[in-house]
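Architecture at a glance
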Amino acid sequence: MNLRELVSALNDFASPALAESWDNVGLLVEPSPPHTVNTLFLTNDLTEEVMEEAVQKKADLVLSYHPPIFAPLKRVTWKTWKERLVVRALENRIGIYSPHTAYDAIPHGVNNWLTKGLGTCTSVPLHPSTAPSSPAEGTHRVEFCADAEHLDAVLSKIKDIPETSCLTTLPVRVEGEEQTRVSLNCSQKALLEVVALLSQNSLLYHKTEILLLQKPLLPHTGMGRLCTLSEPLSLSDTVERIKGHLGLSHVRLALGAGRTLESPVKKVALCAGSGSSVLKGTEADLYLTGEMSHHDVLDAAANGISVILCEHSNTERGFLSELRDALTIHLQNKINIIVSEKDRDPLQVA
């Protein structure tokens, strides 16, 4: 499968537009074209040990859930381990693709997989995603009516305002007079200039309507999940279920104020990876994530919310097997897909 064709298919599986604005997703390293991909290699973290495994298994593209290139690289030498990853990838004609938070958001992604450790439950995103391309431009729509005397001058000045678009005109009849209805989209910044311009003419200003353009929410898509269990579980049983799902012998547990291991758990707020910012302020019996700051754990516990921490990548890595099966179907069995055997969480219980 041609690399560009494969990248297009991967983007269809989970649009990079769903990723957080701070993230670095998509194709990060591209060997010189044309580049054919026979073997796709899945990993949660692309370490040097995992890269050597990818080379040995003759991978043509590494899909690394976490982007190995995040902070900009000023040079590509043999000095740092992330630079060496790029060197080894290009020397062996291996591309690198990262989906990261795009996989967190999608309905069939990492957070959905994490909910399966709780048993039968219903879940909704904690922070729903909005449709990335609707509306196409602008945060506000401004509509006003103008007569022929003022129309050309006003339109000329509006067109000079940056970040305005979708300017349309329509003949209308207002109170028996022939006028033109003007509609335009603009950014928050441009809105101030448009309103200032229209306010110079009281007739125009009093006939102005401003609408907030809100992008529609995408169903079952977004960051984090709030899960409602079909039947309450004790906290101790919930811990055991999560350990079994993640294949862990230990997790870290903070009891909420007034809670015990026998306290019932009905609502669970979860977020794969580092969940502090996503979970904060959510009402639930339990927070489930990989890692949280010390003070955020204290805040949750003080509010009667118990916290389970599993270490960052332990809440993500198990998804790779499910991803392999899903991509095999999505890519119509056109390429060989394998999961790294060397990829592991860097932290261990000693």
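Let me sum up the structure you'll find in this document. What you see is a predicted model; the values in this text were computed from it and never measured.

1. So, the nonpolar core
Core analysis: the biggest nonpolar cluster contains 65 residues, and Tyr103 and Leu327 have the highest contact counts within it. Look past the residues within four positions of Leu327 in its chain and what remains in contact with it is Leu10, Phe13, Leu40, Leu42, Leu63, Tyr103 and Ile337. Judged by nonpolar contacts, the second largest core, of 17 residues, contains Phe144, Leu155, Ile158 and Leu198.

2. Digging into the pattern of salt bridges
Scanning all chains against the criterion turns up 17 salt bridges. Here Lys116 makes a salt bridge to Glu322, at a shortest N to O gap of 3.0 Å. A residue pair is termed long-range when its members are at least 10 positions apart, and Lys116 in the loop between α5 (110-115) and β5 (121-124) and Glu322 in helix α12 (residues 319-330) qualify at 206 residues. Judged by its relative accessible area of 44%, Lys116 falls in the partly exposed class. The class for Glu322 is partly exposed, based on a relative accessible area of 26%.

3. Focus on the sheet that holds strand β12 (residues 225-234)
One open sheet holds the 6 strands; their spatial order is β5-β12-β14-β15-β16-β13, and the pairing between them is mixed. A single partner strand is all that each edge strand has here, and the edge strands are β5 and β13 (252-254). On average, each strand axis in the sheet is tilted by 25° relative to the strand beside it, whichever way the strands run. Where β13 lies against strand β16 (residues 306-309), 3 bridges are found, and the strand directions are antiparallel. What sits directly across from Leu253, in β16, is Ile308.

About the cut-offs
Residues numbered from 1 in each chain as written. Predicted model: local features only at pLDDT ≥ 70, side-chain atom pairs only at ≥ 80, totals over all residues. Heavy atoms only, no water. Core = buried A, V, L, I, M, F, W, Y, C linked by side-chain atoms within 4.5 Å. Buried < 20%, exposed > 50% of the residue type's maximum accessible area, 1.4 Å probe, protein only. Contact = heavy atoms within 4.5 Å. Salt bridge = Lys/Arg side-chain N within 4 Å of Asp/Glu carboxyl O. Helix = DSSP H or I, 4+ residues; strand = E, 2+ residues; numbered from the N terminus. Pairing = 2+ DSSP bridges. Axes fitted to C-alpha atoms, helices over the stretch in contact; angles between N-to-C directions.

By themselves, these observations are geometric and do not establish any function.
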